[in-house]
Amino acid sequence: MSHLIEVFIDTYDLFLNGLWITLKLSAASLFIAFFIGLFFAILKISNIKILEWIADAYIWLVRGTPLIVQIFVLYYGLVEIVLIPMFWAGAAGLAFHSGAYIAEIIRGAIQSIDKGQMEAGRSLGMTTGKTMKRIILPQAFRRAVPSLGNQFIIGIKDSSLVSFIGLQEIFGVASSGGSNNFDYLTYYFIAAIYYLVIVLALTLIVNYIENRMAKSD
Amino acid sequence: MNTNEMIRVEKLNKFFGDLHVLKDIDLKVNESDVVVLVGASGSGKSTLLRCLNFLEIKNDGKIIIDGEQVEKETHDLNKIRERVGMVFQHFNLFPHKTVIENVIEAPTQVKGIAKSKAIQEGKELLDKVGLGDKYDVYPSTLSGGQKQRVAIARALAMKPDVMLFDEPTSALDPELVGEVLATMKELAEEGMTMVVVTHEMGFAREVGDWVVYMHDGKIVEYGHPSELFDNPKEERTKAFLSSIL
């Protein structure tokens, strides 16, 4: 225990760098993933067959392959075409992955909204698009908050996989620290503590948002 | 008495898949008329109402609104719906918006009316339906009757030429039916053109100018309330009336 605390204090600055990269990576990838998800969710409910197929194909591709394979293919594929910083290659891979799950969450939330809401909007002369934006989506997002929060937590933990393309985020720092000092268990244990703290903070934020929304309902 | 023709329906047919739900419907609604559609559930009266503001699209026939034959191919249906207000059985208020926000949503978003003006007009409408103290609450805090009166105010905010009511009191507790019917009666007395689907025969008799009895997708009988209720000509109508009165 005292050894753990000692190493924790000694590696403080290294891990804070890693933490910072994990946070930036998660924020960037989940931000992009949200819009990818929204886009494909709308394709899926468009009632236009070809658009639904495109969305189905994307979701099938993401769900049918491991994240680590997606990250490697995207990373090695992307560097063939464009010179892209490692950070953005990793963020793109994570966003591509989370986007599919977020698409399904948003689609489900939209479809759970009573059909009468769309009819009410249309009967007042509002277009489908405007009713979607002003009436359906705000209600769907509220309903999706718990599932989205859960997906964001998964996204943060999944970001550890980009260490395999060389990013020194929390898991990357732990891997190199562990092998340099031949002290794997201590370093991975410390990595776990950092992840737990991030996830705890995000959980509290999601709970706070849920409570606030419950009040206005 | 004004006799401008507001709605005319000719040989209207509507199918849901193989199911023939409206069969050669002819209907005329003059300005300031209150036309009440009655009939058993499944007779097609709600579908007819929903065809009038194009929430359902007819398969065949003509719908003429204020002298203009409306087709989905040639008309912007949103523009038509601005003039044909609708009140639903289940209110369909926007739960994430306050009462006044519900009322001003369409005027500000569709007609582009300034928010301050929309709020002022919206408050007047809410005062009129007796909800002057409920501007800023959310719909979930209201009773069913209050919700339906907000829904009426929301539809009126677009200043429609016609109001359609699709079983406006069917989802209400019995003691709340009266307040909604009173609001509708007031509206009728002000000269609003109304088409009402309802099971409230007392309302049909008292407020209706015309009563239309529908059965199995067809209009069986059509007449003034006194004729239709007291002197029905068709056997079907007699059977229906004796089953409900």
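Residues numbered from 1 in each chain as written. Chains lettered and ligands numbered in written order. Predicted model: local features only at pLDDT ≥ 70, side-chain atom pairs only at ≥ 80, totals over all residues. Heavy atoms only, no water.

1. Notes on the UniProt feature "transmembrane region" (unreviewed entry) in chain A
Residue and element names in this part refer to chain A.
- On the UniProt side, "transmembrane region" (unreviewed entry) is annotated at positions that read residues 20–45 and 185–209 here.
- The distance separating the terminal C-alpha atoms of residues 20–45 is 37 Å; by composition the span is 96% helix and 0% strand.
- Its end C-alpha atoms 36 Å apart, residues 185–209 is made of 100% helix and 0% strand. (UniProt positions renumbered as here; feature names shortened; annotations may be inferred. Helix = DSSP H or I, 4+ residues; strand = E, 2+ residues; numbered from the N terminus.)

2. Quick word on the pattern of salt bridges
Residues and elements named next belong to chain B.
- Enumeration according to the criterion identifies 26 salt bridges over all chains in this entry.
- As a salt-bridge pair, Glu10 and Lys62 come within 3.9 Å of each other at their nearest N and O atoms. Pair noted here: Glu10 is in strand β1 (residues 5–16) and Lys62 is in strand β4 (residues 60–65), with a separation of 52 residues, a long-range link.
- Given a relative accessible area of 34%, Lys62 falls into the partly exposed group.
- When the shortest N-O distance is used, the salt bridge between Glu71 and Lys58 registers 2.9 Å. One end of the pair, Glu71, is in the loop between β5 (68–69) and α2 (77–83); the other, Lys58, is in the loop between α1 (45–52) and β4, with 13 residues separating them in the sequence.
- The class for Glu71 is partly exposed, based on a relative accessible area of 22%.
- Residue Lys58 is classed as buried on the basis of its relative accessible area of 15%. (Salt bridge = Lys/Arg side-chain N within 4 Å of Asp/Glu carboxyl O. Buried < 20%, exposed > 50% of the residue type's maximum accessible area, 1.4 Å probe, protein only.)

3. Some details on the UniProt feature "domain: ABC transmembrane type-1" (unreviewed entry) in chain A
- Sequence positions flagged by UniProt for "domain: ABC transmembrane type-1" (unreviewed entry) are, in local numbering, residues 19–206 of chain A.
- Summarising residues 19–206 of chain A: 84% helix, 0% strand, and an end-to-end C-alpha distance of 20 Å.

4. A word on the packing of helix α2 (residues 12–44) of chain A against helix α3 (residues 49–64) of chain A
All names here are of chain A.
- Where α2 meets α3, the axes come as close as 7 Å, and the angle between the chain directions of the two elements is 135°. Classified by the angle their axes make, α2 and α3 are oblique. Helix-helix and strand crossings are classified by hand; for α2 and α3 the assignment is left-handed. Here α2 contributes Ile36, Phe40, Leu43 and Lys44 to the contact with α3, which in turn contributes Leu51, Glu52, Ile54, Ala55, Asp56, Tyr58 and Ile59.
- Per-class residue counts for the contact of α2 with α3 are 8 nonpolar, no polar and 3 charged. (Axes fitted to C-alpha atoms, helices over the stretch in contact; angles between N-to-C directions. Parallel < 35°, antiparallel > 145°, perpendicular 65-115°, else oblique. Left-handed = near helix turned anticlockwise from the far one by under 90°. Contact = heavy atoms within 4.5 Å. Nonpolar A, V, L, I, M, F, W, Y, C, P; charged D, E, K, R; others polar.)

5. With respect to the confidence of the model for chain B
- Confidence in the prediction for chain B averages 93 pLDDT; 98% of positions are at 70 or higher.
- Predicted complex metrics record ipTM = 0.91 and pTM = 0.87. (pLDDT = per-residue confidence, 0-100.)

6. What to know about the packing of aromatic side chains
- One pass over the structure, following the stated rule, counts 17 aromatic pairs over all chains.
- Taking the centre distance of 5.4 Å and the plane angle of 90° together, the rings of A:Phe34 and A:Phe35 count as edge-to-face.
- Given a relative accessible area of 45%, A:Phe35 falls into the partly exposed group.
- Look at B:Trp210 and B:Tyr222: their rings are 5.1 Å apart centre to centre, the planes differ by 25°, and that puts the pair in the stacked class. Of this pair, B:Trp210 sits in strand β9 (residues 210–215) while B:Tyr222 sits in strand β10 (residues 218–223), and the two are 12 residues apart along the sequence.
- A relative accessible area of 35% means that B:Tyr222 is categorised as partly exposed.
- Every member of this aromatic cluster is reached through a ring pair, and the members are A:Phe8, A:Phe15, A:Tyr187 and A:Tyr194.
- Positioned above the aromatic ring of A:Phe87, the side-chain terminus of A:Lys24 is 5.8 Å from the ring centre. (Phe/Tyr/Trp six-rings, centres within 6.5 Å; stacked < 30°, edge-to-face > 60°. Lys NZ or Arg CZ within 6 Å of the ring centre and 35° of its normal.)

7. What about the sheet that holds β9(B)?
Residue and element names in this part refer to chain B.
- Ordered in space as β6-β7-β8-β3-β9-β10, the 6 strands form an open sheet in which the pairing is mixed. What marks the edges here is a single partner per strand, and that holds for β6 (84–87) and β10. Between one strand axis and the next, the sheet turns by 20° as a mean value, whatever way the strands run.
- Where strand β3 (residues 34–38) meets strand β8 (residues 193–197), 4 bridges bridge the pair, whose relative direction is parallel. Looking across to β8, one finds that Val35 is bridged to Val195.
- On the sheet, helix α5 (residues 144–156) packs against β6 and β7 (162–166) and is oriented at approximately 170° with respect to β6. (Pairing = 2+ DSSP bridges.)

8. Remarks on unusual backbone geometry
- Although it is not a glycine, B:Ser32 sits at a positive phi angle of roughly 70°.
- Position of B:Ser32 among the secondary structure elements: in the loop between β2 (19–30) and β3.

9. A closer look at the pairing of β2(B)
- Pairing of β1(B) with β2(B), which is carried by 8 bridges, proceeds in the antiparallel orientation. Paired with B:Phe15 across the two strands is B:His20, which belongs to β2(B).

10. What about helix α6 (residues 115–123) of chain A?
- In terms of burial, α6(A) is largely enclosed, as 7 of its 9 residues are buried.
- For α6(A), the full list of buried residues reads A:Gly116, A:Gln117, A:Met118, A:Ala120, A:Gly121, A:Arg122 and A:Ser123.
- Elements that come into contact with the buried residues of α6(A) comprise α7 (128–158) of chain A together with α2, β6 and α5 of chain B.
- Looking one or two places after α6(A), you find A:Gly125, whose phi comes out positive at around 95°.

11. A closer look at the environment of B:Arg154
- As for its placement among the helices and strands, B:Arg154 is situated in helix α5.
- Judged by relative accessible area, which is 3%, B:Arg154 ranks as buried.
- Separated by 104 residues in the primary sequence, B:Arg154 and B:Arg50 place their C-alpha atoms 18 Å from one another.
- Non-local contacts of B:Arg154, meaning those with residues more than four positions away in its chain, are made with A:Ala120, A:Leu124, B:Phe91, B:Asn92, B:Leu93, B:Phe94, B:Asn102 and B:Val103.
- For B:Arg154, the side chain forms a polar contact with the side chain of B:Asn102, separated by 3.5 Å. (Polar contact = N/O pair within 3.5 Å; in protein donor to acceptor, adjacent residues only side chain to side chain.)

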